[in-house]
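Here's the letter readout for the chains.
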Amino acid sequence: STYRRLFKYSSPVIRIFESGLIKKNGLKQPDHSPVFILGLPRSGSTFLYQLLTDMFDVLYFDNLTTLGRENLYFSTWLSQLLYKNRLHNSFSSMYGNTAEHGLHAPSEAGMLWYRWIPQDQVLIDEHIISAKQKADMAQNIRSIINRYSKPLVIKNLYFALRIGLIKNILPEAKFIYIKRDPLYVAQSIY
């Protein structure tokens, strides 16, 4: 899309401006924790994510933020500027993907995490990622939480296999584990 290309090609310039803000806001412990929604596919995790982010005054990565994933701090700022505290009112998806439901709809932000986490590996522990990558990821997440002084709700089901990694990078993280009868999960996937 045009927005994606604009974000991608302006990223090096934006990074110059946002790097100081990320350091300023990202080096201190956050007052609020990042909250990760975990569970099996087809367990209702996307709907839970949509409910929590629509009902409570929390931060989340929307589709606009995902488009500007190279500059997470900037794209979150832009989303906050454009949408302020407006509700997203997005309660549908196609297998967790909300891209067709507007730029403010909550996103699983899969591509965003490949900035720090290898794309070709599912099971990743804290030893796979360099100390620099871990510090950069923690600073980016904490800078957003500290900038807006709100919890950040993150839904990405791969993190169910990466809890150790997350606890290593963000020891303050909280987890919501959603369960559904495995028979109905299998039926839904089938």
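Our structure is the block above this text.
Bear in mind the structure is a predicted one, so any value in this text is a computation, not a measurement.

Novice: Which residues make up helix H2 (residues 45-55), and what values go with them?
Specialist: The complete set of buried residues in H2 reads Ser45, Thr46, Tyr49, Gln50, Leu52, Thr53 and Asp54. Lining the buried residues of H2 we find strand S1 (34-39), strand S2 (59-60), strand S3 (152-155) and strand S4 (174-178).

Novice: Can you lay out the packing of helix H4 (residues 72-83) against helix H6 (residues 131-148) for me, pointing to particular residues and giving the numbers?
Specialist: Between H4 and H6, whose axes approach to 9 Å, the crossing angle comes to 30°. Here H4 lies roughly parallel to H6, going by the angle between them. Considering only the axes of H4 and H6, their crossing is right-handed. From H4, Leu72, Tyr73, Thr76, Trp77 and Gln80 reach across to H6, where they touch Asn140, Ile141, Ser143, Ile144, Arg147 and Tyr148. The residue inventory of the contact of H4 with H6, partitioned by class, reads six nonpolar, four polar and one charged.

Novice: Mind laying out the layout of surface pockets, listing which residues take part and the relevant values?
Specialist: Here the largest pocket defines a volume of roughly 400 Å³. Forming the walls of the largest pocket are 20 residues, and the residues nearest its centre are Pro41, Arg42, Ser45, Thr46 and Leu157. Considering every element that reaches the lining of the largest pocket, the biggest residue donor is H2, with four residues. Its boundaries defined by the atoms lining it, the second largest pocket holds a volume of some 280 Å³. Along its surface, the second largest pocket is lined by Arg15, Glu18, Ser19, Ile22, Lys23, Arg115, Trp116, Lys132, Gln133, Asp136, Gln139 and Asn140. Mapped onto the lining of the second largest pocket, the elements with two or more residues apiece are helix H1 (2-26) and H6. Among the residues forming the lining of the second largest pocket, the class breakdown is two nonpolar, four polar and six charged.

Novice: Describe the nonpolar core, listing the residues and the values that go with them.
Specialist: One finds Phe36, Phe61, Trp113, Ile117, Ile141 and Phe159 to be the most contacted residues of the largest nonpolar core, which totals 35 residues. Of all the elements in the fold, those that place two or more residues in this core are S1, H2, S2, H4, helix H5 (110-113), H6, S3 and helix H7 (163-169). In terms of nonpolar packing, the next biggest core, distinct from the first, is built from five residues, Phe7, Leu67, Leu78 and Tyr83 among them.

Novice: Requested: an account of the packing of aromatic side chains, with residues and values cited.
Specialist: Per the counting criterion, the structure on display carries eight aromatic pairs. Ring centres of phenylalanine 74 and tryptophan 77 lie 5.6 Å apart, and the angle between their planes is 35°; on these two criteria the pair is classed as tilted. You can see phenylalanine 74 and its partner tryptophan 77 sitting in helix H4, three residues apart, about one turn around the helix. Given a relative accessible area of 24%, phenylalanine 74 falls into the partly exposed group.

Novice: So what about the environment of serine 75? Which residues, and what values?
Specialist: Assignment of secondary structure puts serine 75 in helix H4. When its relative accessible area of 0% is taken as the criterion, serine 75 is described as buried. Measuring from C-alpha to C-alpha, the distance between serine 75 and leucine 64 comes to 7.0 Å, with 11 residues separating the pair along the chain. In contact with serine 75, other than residues within four places in its own chain, are Leu64, Thr65 and Gly68. Within polar-contact distance, the side chain of serine 75 engages the backbone oxygen of leucine 72 at 3.3 Å.

Novice: How would you sum up the pairing of S1? Please name residues and give values.
Specialist: Counted residue by residue, S1 has six buried out of six residues, so it is predominantly covered. The alternating pattern of S1 places Pro34, Phe36 and Leu38 and Val35, Ile37 and Gly39 on opposite faces, both of which are buried. Relative to S3, S1 is paired through four bridges, and the arrangement is parallel. If you follow isoleucine 37 over to S3, its bridge partner there is lysine 155. With five bridges joining them, S1 and S4 adopt parallel strand pairing. What sits directly across from valine 35, in S4, is lysine 174.

Rules used in this analysis
Residues numbered from 1 in each chain as written. Predicted model: local features only at pLDDT ≥ 70, side-chain atom pairs only at ≥ 80, totals over all residues. Heavy atoms only, no water. Buried < 20%, exposed > 50% of the residue type's maximum accessible area, 1.4 Å probe, protein only. Helix = DSSP H or I, 4+ residues; strand = E, 2+ residues; numbered from the N terminus. Contact = heavy atoms within 4.5 Å. Axes fitted to C-alpha atoms, helices over the stretch in contact; angles between N-to-C directions. Parallel < 35°, antiparallel > 145°, perpendicular 65-115°, else oblique. Left-handed = near helix turned anticlockwise from the far one by under 90°. Nonpolar A, V, L, I, M, F, W, Y, C, P; charged D, E, K, R; others polar. 1 Å grid on protein atoms, 1.4 Å probe; cavity = no way out; pocket = protein on both sides within 12 Å on 5 of 7 lines; lining within 4 Å. Points joined across faces, edges and corners; volume = space filled by probe spheres on them. Core = buried A, V, L, I, M, F, W, Y, C linked by side-chain atoms within 4.5 Å. Phe/Tyr/Trp six-rings, centres within 6.5 Å; stacked < 30°, edge-to-face > 60°. Polar contact = N/O pair within 3.5 Å; in protein donor to acceptor, adjacent residues only side chain to side chain. Pairing = 2+ DSSP bridges.

Coordinates in, geometry out; function isn't part of it.
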